[in-house]
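Each chain, letter by letter, is given below.
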Amino acid sequence: MTPSDKPVAVGLLGLGSIGRRHASMIAREIPSLHLVAVHDRDESVAQRVGDEVGADVAPTSDSLLSRDDIEAVVIATPHSQHIVFAEPALQRGLHVLVEKPVAMSVEGAGRVNRAFEVGRRDRPELVFAAMFQQRCMPVWQRLREIVRDELGPIQRCNWTVTDWFRTQAYYDGGGWRGTWKYEGGGVLMNQAPHNLDLLLWITGLVPREVMAVTHYGQFHRVETEDEVAAVVTCDAASNSVGPPLVTFVTTTGEAPGTNRLEIVGDLGSAVAEDGHIRVRRLERGASAVSADGPPDLRTVPFEERIETPGDTGSPTYADQKPFRRELFDNFASAVRSGTSPIAHGCEGFASVELANAMLLSGDQRRPITLPLDVDAYQDWLLAKA
């Protein structure tokens, strides 16, 4: 076995619902990774999982991070602990794959990014990745290509993603979910980070102002938001007619829910829903037709096609297993080959900032400009907790 073929030795921090599934997947389904040790604050859980997957049990997080036989760590703890483990791991030169979001706030996300830069000083090949496995889904990868290659400057995006239904038992079972102190928010910090990351990754848009309405405990007994509607104004492209507008609606209280993303550009539109993409290409750009078209013109000729890239886009863990597996393999490949991971951890800052801006706008009932005031947001979050 050559060094490039050797499995990456990893430690796993956090053995809650997702952490236990990660442990099983890494140990049994990801030959490019070797699970060496696990840690959880509940020693009985850690021992049980360690026995099940054949991994050592580290009594403390520091003892896991200090092991000489570990090259990388996977962090699957509650959100408030992501930075607690990611920061020292990166500073020590350990490769890191962290669950979303990379941190609860822009302050924490910035600290993690700086820790990555510190680690790279002595280890330029250091890898920092985030668990945004939906970037591996064919429907979103293909939509990204269509947006870049066919639609021209973006004018508008609408995303209604309300298929994140959760029960009260889901929130009660974790103890930390739906809390400001341990989760930093509700649907925007737990489920919607996937969508906010995809929105920015697919479109390349740069948000500049956010106006949001957030409802706390609308459908559940939680202190944080479980329903959100937001309007985001973004930077205009150099050749666009104006600043693009994004509307974003999400909740964990609606069933069966909708997952529909519509992106409109000067040259046409693309709508992704139920694993299909409907593309409408204009014969001429809307701005050009507007400039020289006759006064009685009410539409622009277009061609339409439907693409089905190969998955349904379901947000359940079971249906996303192939994409999580792909992300784990991609992480291992980045460690061994030095290539950039498909979801670089530093890119997680942008979705955290957008979620934070929505939370602050909804709470204070006013527009929030970006870049976000880091100190002001941190003070607000600490006061909420």
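The following paragraphs examine the structure supplied in this document.

Rules of the game
- Residues numbered from 1 in each chain as written.
- Predicted model: local features only at pLDDT ≥ 70, side-chain atom pairs only at ≥ 80, totals over all residues.
- Heavy atoms only, no water.
- Core = buried A, V, L, I, M, F, W, Y, C linked by side-chain atoms within 4.5 Å.
- Buried < 20%, exposed > 50% of the residue type's maximum accessible area, 1.4 Å probe, protein only.
- Contact = heavy atoms within 4.5 Å.
- Pairing = 2+ DSSP bridges.
- Helix = DSSP H or I, 4+ residues; strand = E, 2+ residues; numbered from the N terminus.
- Axes fitted to C-alpha atoms, helices over the stretch in contact; angles between N-to-C directions.
- Phe/Tyr/Trp six-rings, centres within 6.5 Å; stacked < 30°, edge-to-face > 60°.
- Lys NZ or Arg CZ within 6 Å of the ring centre and 35° of its normal.
- 1 Å grid on protein atoms, 1.4 Å probe; cavity = no way out; pocket = protein on both sides within 12 Å on 5 of 7 lines; lining within 4 Å.
- Points joined across faces, edges and corners; volume = space filled by probe spheres on them.
- Nonpolar A, V, L, I, M, F, W, Y, C, P; charged D, E, K, R; others polar.
- Polar contact = N/O pair within 3.5 Å; in protein donor to acceptor, adjacent residues only side chain to side chain.
- Expected span 1.5 Å × (residues − 1).
- Disulfide = S-S within 2.5 Å.
- Right-handed = clockwise from strand over helix to strand, strands pointing away.

Attention shifts here to the nonpolar core. Most often, soluble globular proteins keep nonpolar side chains buried together rather than apart. Ranked by size, the top nonpolar core spans 113 residues in total, and within it W140, L143 and M358 carry the most contacts. Look past the residues within four positions of W140 in its chain and what remains in contact with it is Q134, W159, L198, W201, I202, N259, L261 and A272.

This next bit is on the sheet that holds strand β12 (residues 268-273). Taken together, 9 strands build an open sheet; the order of strands is β14-β13-β12-β11-β7-β10-β9-β8-β15 and the sheet is mixed. On the outer flanks of this sheet lie β14 (302-307) and β15 (368-369), each paired with one strand and no other. Here strand β8 (residues 207-216) runs beside strand β9 (residues 225-234); their pairing, made up of 9 bridges, is antiparallel. From the neighbouring strand, E209 faces β9, where its bridge partner is T233. Of the strands in this sheet, β8, β9, β10 (245-251) and β15 are in contact with helix α12 (residues 348-364), which crosses β8 at around 55 degrees.

Counted under the stated rule, the structure contains 7 aromatic pairs. Both rings, one in W180 and one in Y216, keep their centres 5.6 Å apart while their planes meet at 80 degrees; by these two values the pair is edge-to-face. Remark: Y216 occurs in strand β8 and W180 occurs in the loop between α7 (168-174) and α8 (187-190); sequence separation between them is 36 residues. Residue Y216 is classed as partly exposed on the basis of its relative accessible area of 30%. Note on Y377 and W380: the rings are 5.2 Å apart at their centroids and 40 degrees apart in plane angle, and the pair reads as tilted. Within this pair, Y377 and its partner W380 are both found in helix α13 (residues 374-384), separated by 3 residues, close to a single helical turn. Geometry around Y170 places R166 over its ring, the cationic atom sitting 5.3 Å from the centre. Sitting over the ring of Y170, R177 keeps its end group 4.1 Å from the ring centre.

To continue, consider empty space enclosed by the protein. Scanning all chains against the criterion turns up 1 cavity of 30 Å³ or more. Of the pockets and cavities examined, the largest cavity occupies roughly 30 Å³. For the largest cavity, the full set of lining residues is P101, L188, M189, P193, L196, S351, V352 and A355. Elements supplying a minimum of two residues to the lining of the largest cavity: α8, α9 (193-203) and α12. Considering each element in turn, the lining of the largest cavity owes the most residues, 3 residues, to α12. Of the residues contributing to the lining of the largest cavity, the split by class is 7 nonpolar, 1 polar and no charged.

Below, the discussion takes up the side chain of H344. Position of H344 relative to the elements: it lies in the loop between α11 (317-337) and α12. For H344, a relative accessible area of 17% translates into the label buried. One polar contact links the side chain of H344 to the main-chain amide nitrogen of C346, over a distance of 3.1 Å. Every residue in contact with H344, bar those within four places of it in the chain, is listed here: F116, F128, A129, A130 and R135.

The next subject is helix α1 (residues 17-29). Along its 13 residues, α1 runs 18 Å from first to last C-alpha, staying within 8% of the 18 Å computed at 1.5 Å per residue. Listed as buried for α1 are G19, H22, A23, M25 and I26.

Moving on to the side chain of Q134. Tracing the backbone shows Q134 in the loop between β6 (128-130) and α6 (138-149). When near neighbours in sequence (up to four residues on either side) are disregarded, Q134 contacts W140, W164, H194, L198 and Q320.

Right, let's get into the sheet that holds strand β4 (residues 72-75). Taken together, the 6 strands give an open sheet; going across it, the order is β3-β2-β1-β4-β5-β6, and neighbouring strands pair in parallel fashion. Either end of the sheet is taken by a strand with one partner, and the two such strands are β3 (56-57) and β6. Pairing of strand β1 (residues 8-13) with strand β2 (residues 33-39), which is carried by 6 bridges, proceeds in the parallel orientation. Bridging from a neighbouring strand, L13 pairs with H39 of β2.

Applying the stated criterion across every chain yields a total of 0 disulfides. Here C157 stays unpaired: no disulfide links it, and the sulfur of C234, its closest cysteine neighbor, is 7.2 Å away. Taking the relative accessible area as the measure of exposure, C157 reaches 0% and is therefore buried. Unpaired in terms of disulfides, C346 finds its nearest cysteine sulfur in C136, a separation of 18 Å. Take C346: its relative accessible area is 22%, and that puts it in the partly exposed class.

With that settled, consider the environment of A334. Relative to the assigned elements, A334 resides in helix α11. Residue classification places A334 among the buried residues on the basis of a relative accessible area of 0%. Setting aside residues no more than four positions away along its own chain, A334 makes contact with V127, T339 and P341.

A word on the pairing of β1. Within β1, 6 of the 6 residues are buried, which leaves the element mostly enclosed by the surrounding structure. Neither face of β1 is open: one carries V8, V10 and L12, the other A9, G11 and L13, and all of them are buried. A crossover links β1 with its parallel partner β2, the connecting element being α1, and its sense is right-handed. The sheet contact formed by β1 and β4 spans 4 bridges and is parallel.

Scope: geometric values only; no functional claims are made or implied.
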